[in-house]
Amino acid sequence: MECCCEKTKIRDEGEKKLLLNRLSRIEGQIRGIKGMVERDAYCADIITQVAAVNAALASFNRELLAAHINTCVTNDIKEGNTEKTDELILLLGKLMK
């Protein structure tokens, strides 16, 4: 899979492991929902599982956003690069849709 951008961020192993574990759980939940559809599960039960996935994705986003603010944004502002605040505002707008 190709990266969608040229920017990168080196994450420490703890952060990377936390994020990948969360994504693996979400991936498993999605596979479970797919299986429910294949087995003709009751609509309300599928919707409940979709809500759980949405909550898990929101939690993942909060974790990633906190790390982004605490590292990328903070470091750039300390170095005098205020463009990161504009990027952060746009990012928050995407998350709040």
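Residues numbered from 1 in each chain as written. Predicted model: local features only at pLDDT ≥ 70, side-chain atom pairs only at ≥ 80, totals over all residues. Heavy atoms only, no water.

The next subject is the side chain of Asp 76. Structurally, Asp 76 can be placed in helix H2 (residues 43-78). Among the residues examined, Asp 76 registers a relative accessible area of 18% and is labelled buried. Within polar-contact distance, the side chain of Asp 76 engages the side chain of Lys 84 at 3.5 Å. Beyond its immediate sequence surroundings of up to four residues, Asp 76 is in contact with Asn 81 and Lys 84. (Helix = DSSP H or I, 4+ residues; strand = E, 2+ residues; numbered from the N terminus. Buried < 20%, exposed > 50% of the residue type's maximum accessible area, 1.4 Å probe, protein only. Polar contact = N/O pair within 3.5 Å; in protein donor to acceptor, adjacent residues only side chain to side chain. Contact = heavy atoms within 4.5 Å.)

A low pLDDT score tells you not to read the predicted coordinates there in detail. Taken residue by residue, the chain gives an average pLDDT of 92. The fraction at 70 or more is 95%. The least confident element of the chain, judged by mean pLDDT, is helix H3 (residues 83-95) at 91; the most confident is helix H1 (residues 13-38) at 97. (pLDDT = per-residue confidence, 0-100.)

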